Each structure stands twice: as C-alpha cells, then as structure tokens.
Amino acid sequence: MKKIILLFALFFTLNAKELIVGMELAYPPFEMSDTKGNPSGISVEFLQAFAEEKNYDLKIQNIAWDGLIPALKTQKIDLIMSSMSISEQRKKVIDFTIPYAKANLAILSAKKSNINSIEDLNQKGKILALKRGSSAHLYAQKNLKNAKILVFDKENAAILEVIQAKADAFIYDQMSIYKAWKKHPEQTKAIFTPFEKTPEQWAIALNKNNTKLKEELNEFILKSKENGFFDKLSQKYLKDIKEVFKEQNLEFFF
C-alpha cells in the first residue's frame, strides 16, 4: 500500500507544472526568509497551499522590488505575490487577481518635525523619503508635488533618513510604519490616520490574458477567505499587530 501511495505521489510530482513566483523577501511577515534562508511568511504559505491544491511545482525567486514587473513582463516569472497594490498605472501593463488584502498608507515622521497630517507634507521645503515604485511613491508623485521627494531602493534606507532627521517623513503601509516607530520611538512618531479615499487593495499580479491561472487564483483567494485560511495565517503571523489595529480602530489587512 505504501508503495502505491509513493508511486501516486511521484506521478503527481513528475506531472506538476512549474509555477515561478517573484517576490521581494524583505517585507515580514508577508514575504521574508527564515533562519535557513528559505522563503517564508504569509504569502509563501498561501502559495504553497495553492500549489499543492492545483498540482503546481512552486518555485519562489527573491527579486528586488523594481525588478518584479520587468521580470513578469519578460515571462521570467509567472506571477508576483509581494504585497503589491492594484493601481491604474500598473494595470496598463499587467493584470491582477481579485484583492486578497487591503492596507492604508501611514506616515512616519521625525519626532522634532511639525508634521501631523498628510497636508503638512505637501509644502515647499518638506522632504519625503520613499521606496522606489511603492504605492507611497506613486501617491506622492501625484498628490504631494510641493514636497521634495528622495527615492530609495530599500525602505530601511528611507526610514534611516527620518531617524536621522534628514527627511521629514516616510510613507508606507500602516504595519511597517508601526514597526518602524516601535523600534525608534525617541526619534520618530507615527501618524496612522488614513488619508486615501479608499484603502490600497493588494492582489496577485500576472500577465494579461493568463486567464486559466487568474481563474485558479481567484477561486483559491475566495476559498481562503471563506474557509478561514487567511484568519489562520493572521493568527500565526499578525496576532500582536492585529490587536494594535483594533485598539487604533483601524481596518485590518484581511
């Protein structure tokens, strides 16, 4: 009996279609590496479950943020799951699944600054440190044209600018802002009040006309919301932050 089970397992493994996923493993607890350097986090576990159900051989590639969409467009990867939000600009060149999570932008400002709202940043003389290609970068380009924008490839570099008071603020999602503020409470302050009309919608990106894969992913996202899989991942990875969001009366990711 064991031999038969092993043969079936080998058969399905050999017949599994390769699914290559791009993500930047620099955004814990969604996309990160474990102590052995292996991909881990919420997005990784979600894709592992998806691949197992749909009989895909999952391969995850760690790609710098600004290289993700080019890698997708040139078909070096099949999809992107890297806490990427849907935007009209991105939709011009790639496609998205239905949203699986939502996140608002927030502000990390230098503690000595007079920044208390997003309006305070849209002023001449104000300096913003932003991650290249992020939703915050796109938002600032459109809505904060009076401020000077400094762009960095890594969010930690942008955060350091605020810590050292070289920049007035860093804009990113609420979870990241909370974590940065908790690490540096003497140098920074966090402003969580949402300033966008609607939350950022996170989705999985894929090339246009990849209909079959999009349908499979949409089906699995809906299923994961209905059967509590996302809740299970939240409890495992986001328990403490979920409580903070509740205290602050903020919308949670899932």
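Just so we're clear, the structure is a prediction, and the values are computed from it rather than from any experiment. (Residues numbered from 1 in each chain as written. Predicted model: local features only at pLDDT ≥ 70, side-chain atom pairs only at ≥ 80, totals over all residues. Heavy atoms only, no water.)

### Remarks on the sheet that holds strand β9 (residues 127-131)
Alright, step 1. Across the sheet, 5 strands lie side by side as β10-β9-β11-β8-β12; this open sheet has mixed pairing. Of all the strands in the sheet, just β10 (148-152) and β12 (188-191) have a single pairing partner and so form its edges. Across the sheet, the mean angle from the axis of one strand to that of its neighbour is 30 degrees, orientation sign disregarded.
Alright, step 2. In this structure, β9 lies alongside strand β11 (residues 169-173), joined through 2 bridges in parallel fashion. Its bridge partner being in β11, Leu128 is matched across the sheet by Ala169.
Alright, step 3. Against the sheet, helix α5 (residues 135-143) makes contact with β8 (105-110), β9, β10 and β11, and its axis sits at roughly 140 degrees relative to β9, the strand it touches most. (Pairing = 2+ DSSP bridges. Helix = DSSP H or I, 4+ residues; strand = E, 2+ residues; numbered from the N terminus. Axes fitted to C-alpha atoms, helices over the stretch in contact; angles between N-to-C directions. Contact = heavy atoms within 4.5 Å.)

### Looking at the environment of Ile42
Alright, step 1. For Ile42, the location among the structural elements is in helix α2 (residues 42-54).
Alright, step 2. Residue classification places Ile42 among the buried positions, given a relative accessible area of 2%.
Alright, step 3. With sequence-adjacent residues up to four places away left out, Ile42 is seen in contact with Pro29, Phe30, Leu233, Tyr237, Leu238 and Phe254. (Buried < 20%, exposed > 50% of the residue type's maximum accessible area, 1.4 Å probe, protein only.)

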